[in-house]
Amino acid sequence: MSLEKVTIPEKTATGVAHSKLILVGEHAVVHGQPAISIPFPLIGVESVVERVQGGVYLDSSFYAGPMESAPKILTGIVHTIKQTLKLLHIPYENLLIRIHSSIPPGKGLGSSASVEIAVVKSLFTFSEKPYTNEQVLQLANISETYAHGAPSGIDSLTITSPSPIWYRKEQPIDYITPNGDFYFVVADTGRKADTRTAVDMVTGLIKTAPKKAYGTLERIGEITYQVREALEKSGKQVLGFLLNEAQKELESIGVSDKSLNRLIYFARQEGALGAKLTGAGHGGCMIALAQNEAHAMLLSEKLKQFGAHDVWPFALKNE
Ligand code: MEV
């Protein structure tokens, strides 16, 4: 069926959401340690809800057609949409939800959480009802559980936050204001990461080698405290050192891989003050701390020439 044909564009509503980056604490945060993450507004998702004739339809790069026939990979978002429609008393009919995303999926950049949040926001706007962050997060977390198994919740929290967050499960989030400007480069290995498999792997390690696993996760927790201090006080040299320390620990529990290590070691060789994976690992993206703005631009260029699939230089500013 052609989704274009059935559109009656008399009513549309839009919801948007940006991407996220984990600076430090991934995996450890699932098991009760703190993590620091940063909203990443260079890429994001827009969801547009339109009134159409017929049932409920999706139009995305993964799938276009009736929601009932959506592929398994979209099970989570389908559940979130159904729950949101129910909550908002929107009848399950005459709707088309178009999802446009510039976030590469499976790269540790919060693609699934951004889609969920943008879609939920667009449905609230469509129903002309106000929403709170808590409502959006609750609905988005229905799909996060499908996507990740046991998500810590940090992805969706960062995506709804305007500033970097300090997050520890079951504790109120805290916001971080960096003391100075930090210039980073994010580079995509081109290899899709599977968050669920990586998270399950760490959980498996806790069962088979609890001493090693808990020791590493606790060490990542300590590094995360020090990273906060580096952002707020001690500065970029210390931050770079700590990012390298975190990477060492992540490698030791097997969540980094050759594609990540290749870019991480190259970035360090090219003068990065520190570099590590960001997100779940097993492919996906790395993050490098550059010396300054000009170095971030140069490093981006070099990483691209070295084979990074995509690169994003960006600044974390004291604002
Ligand atoms: C994924 O972006 C971060 C992980 O720590 C999983 C989670 O926190 O849900 C690997």
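Moving on to the site of the ligand. Taken together, 13 residues are adjacent to the ligand, and Lys20, His27, Pro151, Ser152 and Asp155 come closest. Interatomic distance of 2.5 Å between a side-chain N/O atom of serine 152 and an oxygen atom of the ligand. In the complex, the protein chains occlude 98% of the 300 Å² of accessible area that the ligand would expose alone. Counting only elements with at least two residues in the shell around the ligand, the list comes to β1 (7-24) and α5 (154-159).

Further remarks concern unusual backbone geometry. Backbone geometry at histidine 27 places phi at a positive 70 degrees, although glycine is not the residue there. Within the secondary structure layout, histidine 27 lies in the loop between β1 and β2 (35-52).

The domains assigned to the chain are domain 1 (7-167) and domain 2 (177-316). Each of domain 1 and domain 2 has a C-alpha centre, and the two are 25 Å apart. In terms of surface lost to domain 2, no three residues of domain 1 exceed Leu23, His27 and Lys107, which account for 23% of the buried area on that side. Taken together, domain 1 and domain 2 are joined by two salt bridges.

Moving on, we come to the side chain of threonine 80. Looking at where threonine 80 falls in the secondary structure, it is placed in helix α2 (residues 75-87). A distance of 2.3 Å separates polar atoms of two side chains, one belonging to threonine 80 and the other to serine 143. When neighbours within four sequence positions are excluded, threonine 80 is seen to be in contact with Val120, Leu139, Ala140, Ile142 and Ser143.

The next point concerns the nonpolar core. Counting residues in each nonpolar core, the largest one holds 61 residues, and the members touching the most others are Leu23, Ile81, Phe184, Val186, Val227, Leu231 and Leu239. Counting contributing residues, this core receives three or more from each of domain 1 (7-167) and domain 2 (177-316). Apart from the residues lying within four places of it in its own chain, the contact partners of leucine 23 are Ile36, Ser37, Ile38, Phe184, Val227, Leu231, Leu243, Lys276 and Ile287. Membership of the second largest hydrophobic core comes to 28 residues, among which are Ala28, Leu217, Leu260 and Val311.

Okay, the sheet that holds strand β9 (residues 274-278) next. Within the open sheet, the four strands sit side by side as β9-β10-β8-β11. Their pairing is antiparallel. Taken across any chain shown, the strands that pair with only one partner, and hence form the sheet edges, are β9 and β11 (310-316). The mean angle between the axes of side-by-side strands here comes to 25 degrees, regardless of whether they run parallel or antiparallel. Where β9 meets strand β10 (residues 285-289), five bridges bridge the pair, whose relative direction is antiparallel. Pairing of leucine 277 across the sheet is with methionine 286, part of β10. The strands that helix α10 (residues 293-305) touches are β8 (182-188), β10 and β11; relative to β8, the one it contacts most, it runs at about 10 degrees.

Here we come to the packing of aromatic side chains. The full count for this structure, using the stated rule, is six aromatic pairs. With 5.1 Å between their ring centres and 65 degrees between their planes, phenylalanine 40 and phenylalanine 314 make a pair best called edge-to-face. One end of the pair, phenylalanine 40, is in strand β2; the other, phenylalanine 314, is in strand β11, and 274 residues separate them in sequence. For the pair formed by phenylalanine 40 and phenylalanine 314, the shared burial category is buried. Taking 4.9 Å as the distance between ring centres and 65 degrees as the angle between the ring planes, the aromatic pair formed by tryptophan 166 and tyrosine 225 counts as edge-to-face. With tryptophan 166 in strand β6 (residues 165-167) and tyrosine 225 in helix α7 (residues 210-234), this residue pair connects regions lying 59 residues apart in the sequence.

At their nearest, the axes of helix α6 (residues 195-208) and α7 sit 5 Å apart, and the two run at 125 degrees to each other. As far as their axial angle goes, α7 and α6 are oblique. Here Val202, Leu205, Ile206, Lys207 and Thr208 of α6 come into contact with α7, specifically with Pro210, Ala213, Tyr214 and Leu217.

The rules behind these values
- For every chain, the first residue of the written sequence is number 1, and numbering continues from 1 onward in sequence order.
- Local features in a predicted model are, by the rule used here, given only for residues with pLDDT of at least 70; side-chain atom pairs are given and counted only at 80 or more, and totals for whole chains, interfaces and linings are based on all residues.
- In computing side-chain values, all of the structure's heavy atoms are included and hydrogens and water are not.
- We call a residue near a given molecule or strand whenever any one of its heavy atoms falls within 4 Å of it.
- Each polar contact in these results corresponds to two N or O atoms within 3.5 Å; when the atoms are within protein, one needs to be able to donate a hydrogen and the other to accept it, and residues that are neighboring in sequence are counted only if both atoms are side-chain atoms.
- Values of accessible area rely on a 1.4 Å probe in the Shrake-Rupley scheme; residue burial ignores everything except the protein chains shown.
- For the purposes of this entry, the term helix denotes a DSSP run of H or I that reaches at least four residues, the term strand denotes a run of E that reaches at least two, and both are numbered from the N terminus.
- Each domain's extent is set by a domain assignment, obtained either automatically or from a database.
- Accessible area, probed at 1.4 Å, shrinks when two parts are joined; the buried area is that loss added up over both.
- One side-chain nitrogen of Lys or Arg within 4 Å of one carboxyl oxygen of Asp or Glu is enough to make a salt bridge.
- Contact definition: two residues touch when any of their heavy atoms are within 4.5 Å.
- To qualify as a nonpolar core, a set must consist of buried Ala, Val, Leu, Ile, Met, Phe, Trp, Tyr and Cys residues joined through side-chain atoms within 4.5 Å.
- Buried residues are those whose accessible area, probed at 1.4 Å on protein chains only, stays under 20% of the maximum for their type, while exposed residues exceed 50% and partly exposed ones sit between those limits.
- Being paired, for any two strands, means DSSP has found at least two bridges between them.
- An axis is simply a line fitted to the C-alpha atoms; with a helix, the fit covers only the stretch in contact. Between two such axes, the angle follows the N-to-C directions and lies from 0 to 180 degrees.
- Classification of ring pairs rests on two measures: the distance between centres of Phe, Tyr or Trp rings, Trp counted by its six-membered ring, which must be within 6.5 Å, and the angle between planes, read as stacked under 30 degrees, edge-to-face over 60 and tilted in between.
- Here the angle decides the label: under 35 degrees means roughly parallel, over 145 means roughly antiparallel, 65 to 115 means roughly perpendicular, and every other value means oblique.

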